[in-house]
Amino acid sequence: MNMNNQKIALVTGGTGGIGTAICLALADQGRKVIAGYFPPEKELAETWQQKHKLDGYDFEIVACDVSDFESSQKMLHDVENTIGAVDILVNCAGITRDKTLRQMTPDQWDSVLRTNLDSAFNVTRHVVESMSQNGFGRIVNISSVNGQKGQFGQANYSAAKAGLHGFTKAVAQELAAKGVTVNSVSPGYVKTDMTDAIPEDVRDAIIQQVPMGRMALPDEIAYVVSFLTDDRNTYMTGANLPVNGGMYMT
Ligand code: CAA
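What comes next concerns the included structure. In this numbering scheme, every chain counts its residues from 1 along its sequence in written order. Only residues with pLDDT of at least 70 get local features here, since the model is predicted, and only at 80 or more are side-chain atom pairs given and counted; chain-wide, interface and lining totals rely on the full set of residues. Hydrogens and water molecules were not included; the side-chain quantities draw on all heavy atoms of the structure.

1. Some remarks on the nonpolar core
Logical step 1: By size, the foremost hydrophobic cluster in this structure holds 31 residues, and its most contacted members are Val11, Ile22, Leu26, Val90, Ile142 and Val185.
Logical step 2: If you list the elements that add at least two residues to this core, you get β1 (8-11), α1 (17-28), β2 (32-37), α2 (42-54), β4 (88-91), β5 (137-142), α10 (218-229) and β7 (240-243).
Logical step 3: Counting residues per element, this core draws most heavily on α1, at six residues.
Logical step 4: Aside from chain neighbours lying at most four places away, what touches valine 90 is Leu10, Val11, Thr12, Ile22, Leu26, Val140, Ile142 and Val225.
Logical step 5: Among the nonpolar cores identified, the runner-up in size contains 25 residues, and Ile8, Ala120, Met131 and Leu164 belong to it. Working definition of a nonpolar core: buried Ala, Val, Leu, Ile, Met, Phe, Trp, Tyr and Cys residues. They are joined through side-chain atoms within 4.5 Å. Think of it in three bands: residues with accessible area under 20% of the maximum for their type are buried, residues over 50% are exposed, and the middle band is partly exposed, with areas taken using a 1.4 Å probe on protein chains only. A run of H or I in DSSP counts as a helix once it spans at least four residues, and a run of E counts as a strand once it spans at least two, with each numbered from the N terminus. Residues are treated as being in contact if the distance between any of their heavy atoms lies within 4.5 Å.

2. Topic: the site of the ligand
Logical step 1: Neighbouring residues are identified by heavy atoms, a residue being near a molecule or strand if any of them is within 4 Å of it. In the vicinity of the ligand lie 18 residues, with Asp98, Ser144, Gln154, Tyr157 and Tyr189 positioned nearest.
Logical step 2: Think of a polar contact as two N or O atoms within 3.5 Å of one another; within protein, one of them needs to be a possible hydrogen donor and the other a possible acceptor, and neighboring residues in sequence only count if both atoms come from side chains. Interatomic distance of 2.7 Å between a side-chain N/O atom of tyrosine 157 and an oxygen atom of the ligand.
Logical step 3: At a separation of 2.7 Å, an oxygen atom of the ligand approaches a polar side-chain atom of tyrosine 189.
Logical step 4: Breaking the shell around the ligand down by element, the ones donating at least two residues are α8 (193-196) and α9 (200-207).

3. Remarks on the sheet that holds β7
Logical step 1: A pair of strands is labelled paired if DSSP reports no fewer than 2 bridges between them. On the basis of which strands lie adjacent, the open sheet formed by seven strands has the order β3-β2-β1-β4-β5-β6-β7 and parallel pairing. Both outer strands of the open sheet, β3 (60-63) and β7, are each paired with one neighbouring strand and no more. Between one strand axis and the next, the sheet turns through 20° on average, direction left out of account.
Logical step 2: Here β1 pairs with β4 via three bridges, running parallel. Looking across to β4, one finds that leucine 10 is bridged to leucine 89. With axes taken as lines fitted to C-alpha atoms, and helix axes fitted only over the stretch in contact, angles between N-to-C directions fall between 0 and 180 degrees.

Structure below.
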């Protein structure tokens, strides 16, 4: 909480497609929002911050390589000292390195596992103490429909996103008595740079498998995150909310 009694929300991958929509939704809920960005993308992040300032959003930005434990620790230390303790954490940073397993390199495996799964440990590890002490916390891990159903060409990504479900449920149990909820959201295919990178014919074939016949807009994911992090959402923990247009029903 900061001096204005605003709860502080940190969104890793906050300047990305889904991350931006989450930052906007949480700010609209009255949160003080900090967007984490990948350090080499500093200039992009600054441009992002300026653009939203013109629209009246006063976002903070922080550099953090979420695949690295020490970088995550330093970032949270700096945030706590300059802005305040994080009340709401959204683990949203993620990458793809799609390849069939027979062609996948160890580097493509490692980078996806480290960025999409180790990151949840690296970042969450440094907020649980203060959230438990304050008796309030909201943690949301952005997983994927492909962590539930698997996806051709995504052994690395599907494994990492499935891992987030186990992580969510374990940490939810550890923090349940402390007023801290831990949940995951599993988006389907969302219109972002990540899905723009899928070859067009493959993308068209995927959309045909979605009963709603279209991709999600980032706002449709962000709305669910704002529901999970709402102060009034006090009894839902260890849950996974699929937001996939009916692509995979659980
Ligand atoms: N199911 C079954 N077979 C498939 C298939 C599928 N979905 N896709 C391709 N194949 C077959 C092809 O027909 C081909 O068969 P033949 O060898 O008999 O011709 C074989 O598999 C190899 O296919 P490609 O030649 O296309 O292989 P490639 O190496 O060039 O490309 C790929 C493979 C990179 C995985 C490509 O298909 C691809 O990009 N797929 C999309 C993967 C995907 O959905 N990524 C999601 C990114 S967005 C995201 O991750 C966000 C989120 O959370 C949803």
